[in-house]
Amino acid sequence: MTAQLAVSSGKSRRLRLMRSKPKPYMHPYLAGILLGLVLFAAFFFTGNGLGASGGVNRIVVFFEDLLAPQHVDRTAYLLEMAGGSENALDSWIVFITIGTMIGGFLSGWINGRLRLETNRGPNVSVRVRWMMAFLGGTIMAYGARLARGCTSGQALTGGATLSAGSWVVMFAIFGGGYALAYSLRKFWN
Amino acid sequence: MPPFPLPLTDLLGHWGAYWVYLLIGIGFGAVLELAGFGNSRKLAAQFYFTEQTVLKVMFSAIVVAMSLIFLTSALGLLEFNLVWVNPTYLWPGIVGGLIMGVGFIVGGFCPGTSLVAATTLKVDGIFFALGTFFGVFAFGETVAFFEPFFYSSSYGRVTLMDVFGVPAGVVVVLVVLMALFMFWGAEQLERIFGKRDLKREPRWRYAAATGLAALALATAFIGQPTTEERTARMAPEIDRQLAERQVQIEPAELLSLIHNDRLNLIMFDVRSESDYNLFHLLDAEHIELPNIPTTLARLRMEPANTVVVVMSNTEIASTQAWAILTAESVPNVYILGGGLNTWIGTFAGADFAADHSPQTAGDDGLAYRFAAALGDRYPVAYPDPEDFNIAFEPKVTLSTRRGPSGGGCGG
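We now turn to the structure provided with this report. Here the structure is a predicted model, which means the values were calculated and not measured.

### Observations concerning the packing of helix α4 (residues 53–74) of chain B against helix α10 (residues 168–193) of chain B
Residues and elements named next belong to chain B.
Line of reasoning, step 1. Contact geometry for α4 and α10: axes closest at 10 Å, N-to-C directions at 160°. Judged by the inter-axis angle, α4 sits roughly antiparallel to α10. For α4 against α10, the interelement crossing comes out left-handed. In this structure, α4 uses L55, K56, F59, V63, M66, S67 and F70 to contact α10, whose residues at the interface are A168, G169, V172, V175, V176, A179, M182, F183 and A186.
Line of reasoning, step 2. The residue inventory of the contact of α4 with α10, partitioned by class, reads 13 nonpolar, two polar and one charged.

### Structural notes on the interface of chain A and chain B
Line of reasoning, step 1. Across the boundary between the two partners, chain A contributes 118 residues, which contact 116 residues of chain B.
Line of reasoning, step 2. Every element with two or more residues in the side of chain A that touches chain B is listed here: α2 (28–46), α3 (53–67), α5 (76–82), α6 (92–110), α7 (126–146), α8 (151–160), α9 (164–181) and α10 (185–188) of chain A.
Line of reasoning, step 3. No other element matches α2(A), which puts 18 residues into the side of chain A that touches chain B.
Line of reasoning, step 4. When the residues that make up the side of chain A that touches chain B are grouped by side-chain class, the tally is 66 nonpolar, 43 polar and nine charged.

### Some remarks on the pairing of strand β7 (residues 333–336) of chain B
Two faces, one strand: in a regular strand the side chains alternate between the faces of the sheet.
Residues and elements named next belong to chain B.
Line of reasoning, step 1. Side chains V333 and I335 of β7 all project onto a buried face; the interleaved residues Y334 and L336 project onto the opposite face, where all are buried too.
Line of reasoning, step 2. Sheet analysis places strand β3 (residues 248–249) next to β7, joined by two bridges and oriented parallel. From the neighbouring strand, Q248 faces β7, where its bridge partner is I335.
Line of reasoning, step 3. Sheet topology note: the strand β6 (residues 306–311)/β7 ladder contains three bridges and is parallel. Bridging across to β7, V309 finds its partner in Y334.
Line of reasoning, step 4. On the question of chirality, the crossover connecting β6 to the parallel β7 by way of helix α16 (residues 316–327) is right-handed.

### Let's talk about the environment of K42(B)
Residue and element names in this part refer to chain B.
Line of reasoning, step 1. By the secondary structure assignment, K42 is in helix α3 (residues 40–44).
Line of reasoning, step 2. Note on K42: 19 C-beta atoms within 10 Å, which makes it partly exposed.
Line of reasoning, step 3. C-alpha of K42 to C-alpha of F109: the two residues are 67 residues apart in sequence and 9.7 Å apart in space.
Line of reasoning, step 4. Among all residues touching K42, those that are not within four sequence positions of it are G36, E51 and T53.

What counts and how
Residues numbered from 1 in each chain as written. Chains lettered and ligands numbered in written order. Predicted model: local features only at pLDDT ≥ 70, side-chain atom pairs only at ≥ 80, totals over all residues. Axes fitted to C-alpha atoms, helices over the stretch in contact; angles between N-to-C directions. Helix = DSSP H or I, 4+ residues; strand = E, 2+ residues; numbered from the N terminus. Parallel < 35°, antiparallel > 145°, perpendicular 65-115°, else oblique. Left-handed = near helix turned anticlockwise from the far one by under 90°. Contact = placed C-beta atoms within 7 Å. Nonpolar A, V, L, I, M, F, W, Y, C, P; charged D, E, K, R; others polar. Buried ≥ 20, exposed ≤ 12 C-beta atoms within 10 Å, placed from the backbone. Pairing = 2+ DSSP bridges. Right-handed = clockwise from strand over helix to strand, strands pointing away.

The following block contains the structure:
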């Protein structure tokens, strides 16, 4: 009897993991209000906003520092984060980034959206999509470091505190996207 | 001082404070996933007008957070001076933003959403995330080639209020109106390009829009606290610190601060220009009392190890300057106890006093006569700490009240 129960509960858990019909996404305005509340809570309790590329940056620099500490100590930009005995992971933004991954995973799990898949336009192969994703990630991260923040760290965070520079960055992001969208329309549609 | 943001490091310790950030991150990741931002096609659709989810989520988040930040600040709950505002680097921001837009449409994510996509097993998200690792690595390795550009057009902490010269509440109302207009436009685009039936959209969004507008109007109506209101709110605390002489440091302590390489010491001399020209400490900047508020923007950009010492001939003008800076939540501000008159009395020899016969000065006047305006070229402007071994009661402590330096993705 107990064994049977264990089997059936195991089965139902697997079913939930691979639920054939994932729950629909939240209404955009509702999700936006919730995101606004998270962002406000960040500012209200800590004085800091949100971010993503900064945490990724520090994780990369942490490994660079493990492999080539002298190189880090000679590069001014890296020195600030991991020079000498400085630990690149000793920063609040790293914990935001780790939290983002945990939170995304939990929500995907609870809502039955944990599924191995590649989202792509109908006219591109999986392999091309993967290459484009890697390329896009590289370009995006390069731009994010140049602008001192990505869509989270500049557009959202600086947008809410009315930072002049962040509003400029936000419009530049949309501008860059729309400028190239037409050339890439076959790729997504 | 308003109770928020909380001094997390003081409350929870250096590593303990990171738990709070971890929780915030979890909330952030969960909401991104709930909004559908783990799905690249949903994100890319933004640029083909068929689905405006990105715009709707981002702008609702911005206006909700913005309204609450400035409303709580207006109510005296949140100290906006301690809230991190992304510094403006105009041209690197524009170029970086355009590059990001390209990366967005090529890859279908931004760094935050790709993390969520990757942890929900979207393979394209995993590749994008790997790309961001490579991208930040490439940036760190190549930034040295264009460092002057990376640090160019720096304007510091500039808000839209500063740019347009209008109160925060007005900007909040205008941004909310702009967002509501954009939502309306986005829905029209979805109707035309995405063939969406707007009648099926929930009715509560009108209530939400009304509530948001009401929040913004309330913020504008109450207004942000002025320096006078901040000072009045903090009066008991200010009076207590002054009465207990917690912030008036002895000349010997200031001398030790000047020679402490681990501190970023800023000295403001708030006397008249003629007094400053006659004599001032080496490296003391001349800022007259009415101009003290103009230093705030700059002080907010200083690193966490910054100590500010204000001075006048006695303590009268310097105490007023201290009160303004303290009410505006500049951390670690101190007064030169007894003023420059006491400084000279401490570090100038008997010969100097004889040559510059003491005079009976007015309320906040210079107690020594200077025949020539030599400024900081008098030896007493830069006493050698080796020559003096004066015991003092140390009062300077570095407060960690201010949020960690560097914010957003800038970390």
